[in-house]
Structure formats: structure tokens, C-alpha cells
Amino acid sequence: MPNAQNQHIVDIPLSSTPRFIASGTLLSSLQSVLVDLIELNLQGKQAHWNVVGPNFPDVHRQLDVIVSTARDAADGVAERMRAVGGIPDGLSSTVAETTGLRAYPRGEVTTRQTIDLISERIYTIVANARAVHSAVDDEDPVSADLLNGTIAQLEQHAWLLSSENRTPSL
């Protein structure tokens, strides 16, 4: 006999419960965003370790925030893929072969160059996420919401970072 606390719980075997399974197109779209986020995480850390010049402490700290966002967003996309029946591929070889981001320069990079390079990479990811968004939304609004949050965070980071190199347009 059910008690009053769990009377709303229905014991239905998982195999009979309807489950959303993503199409290959949806999973491919999410995979493309995933590899770019993983690559931003790696490039952001490379930039963090090798940035030099004016405003170093601020840029250095800001890069860590961007890296954290990229890592968390990648984890969210990968976990969403698993939740809808996909298998995310974050292997370094896959990331290197399929990312839409250009390679990051080796060695020390000035703060000014770092700001421009990382901002460009963020906007590349945003452009990809926006390009796949409509198709993702048509099939799975939940995955589209995940992309929306990622886009909003990345655009804010790019704005904050790129503002360091801007001059007022008066």
C-alpha cells in the first residue's frame, strides 16, 4: 500500500516509458559545438599560460573564466548528447580533426593579440552554434535551450574580453 508521500509515483518499467532519441542530424550538430568548446578550453589554457604584456593579470584571470565556461558548456553538451541517445566524442584526435577553430600560436603572445585571438575563437563557436540552432530547436527545444545559454555566456565573455582592445567610437 503506497504511503501519502509517494502516492504520485507510478511504477512503470523503463522499457515501456517513451523516450526521446535524437536524430543523427541533431547529434552531429551538438558534436560540432562540443569539439569547438573542447578546443576553446584547450586554446584558452594555452593562452592563459603564455600571455604577456600590459594588463597581464586581468587578461590572465579572464582567460581562466572563459576556460571554465568552455569546459562546463562542453560537459553540458556531452551530457545532453548522452541523455538523448548519442555518444559524444571528445578524443583529442577527433577534436583536432573536426574543430572549426584555427590553431593557436605557440609561445608567448601579447595581451593585445591574445584578446583578439580568443575573441575570434569565441565568435567562431557562437557562429556555429547559431548556424545549427534552428535545426536543433525544430527537433529538440531542450538542446536548443542549452545552445542559447552557451551562446549568451560566450558572447558576454567575448564582449568583456574584446573591450580591452577597443577605443571609443566618437
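We now turn to the structure provided with this report. Quantities reported herein were computed from a predicted structural model and do not represent experimental measurements.

### With respect to the pattern of salt bridges
Phase 1: Using the criterion set out here, one finds six salt bridges in the structure.
Phase 2: We note a salt bridge from Arg130 to Glu155, for which the minimum N-O separation is 2.8 Å. Of this pair, Arg130 sits in helix α4 (residues 111–139) while Glu155 is found in helix α5 (residues 141–162), placing the two residues 25 residues apart along the sequence.
Phase 3: One network of salt bridges, with partners in common, ties together Arg102, Glu120 and Arg121.

### Regarding the environment of Leu146
Phase 1: Of note, Leu146 is situated in helix α5.
Phase 2: With relative accessibility at 27%, the residue Leu146 sits in the partly exposed group.
Phase 3: Put simply, Leu146 and Arg71 are 75 residues apart on the chain and 14 Å apart in space, counted from C-alpha to C-alpha.
Phase 4: Sequence-distant contacts of Leu146, that is, excluding residues within four places in its chain, are made with Gly76, Val77 and Arg80.

### Here we look at a nonpolar patch on the surface
Phase 1: On the surface, Tyr123, Trp159 and Leu160 cluster together into a nonpolar patch covering about 330 Å² of accessible area.
Phase 2: Within the element layout of this structure, Leu160 appears in helix α5.

Quick notes on the rules
By convention here, each chain's residues receive numbers from 1 onward along its written sequence. Thresholds applied to this predicted model are a pLDDT of at least 70 for local features of residues and 80 or more for the giving and counting of side-chain atom pairs; totals over whole chains, interfaces and linings are not thresholded and use all residues. Excluded from the side-chain calculations are hydrogens and water; all other atoms, namely the structure's heavy atoms, are used. Salt bridges are defined as contacts in which a side-chain nitrogen from Lys or Arg sits within 4 Å of a carboxyl oxygen from Asp or Glu. Secondary structure elements are taken from DSSP: a helix is a run of H or I of four residues or more, a strand is a run of E of two residues or more, and numbering for both begins at the N terminus. Three labels apply to residues, based on accessible area from a 1.4 Å probe with only protein chains included: buried if under 20% of the type maximum, exposed if over 50%, partly exposed otherwise in between. It only takes one pair of heavy atoms within 4.5 Å for two residues to be counted as in contact. Patches were defined on residues exceeding 30% relative accessible area and lacking a salt bridge, with like-charge contacts within 9 Å and nonpolar side-chain contacts (Val, Leu, Ile, Met, Phe, Trp, Tyr) within 5 Å. Calculation of accessible area relied on Shrake-Rupley with a 1.4 Å probe; when residues are assessed, cover is drawn exclusively from the protein chains displayed.

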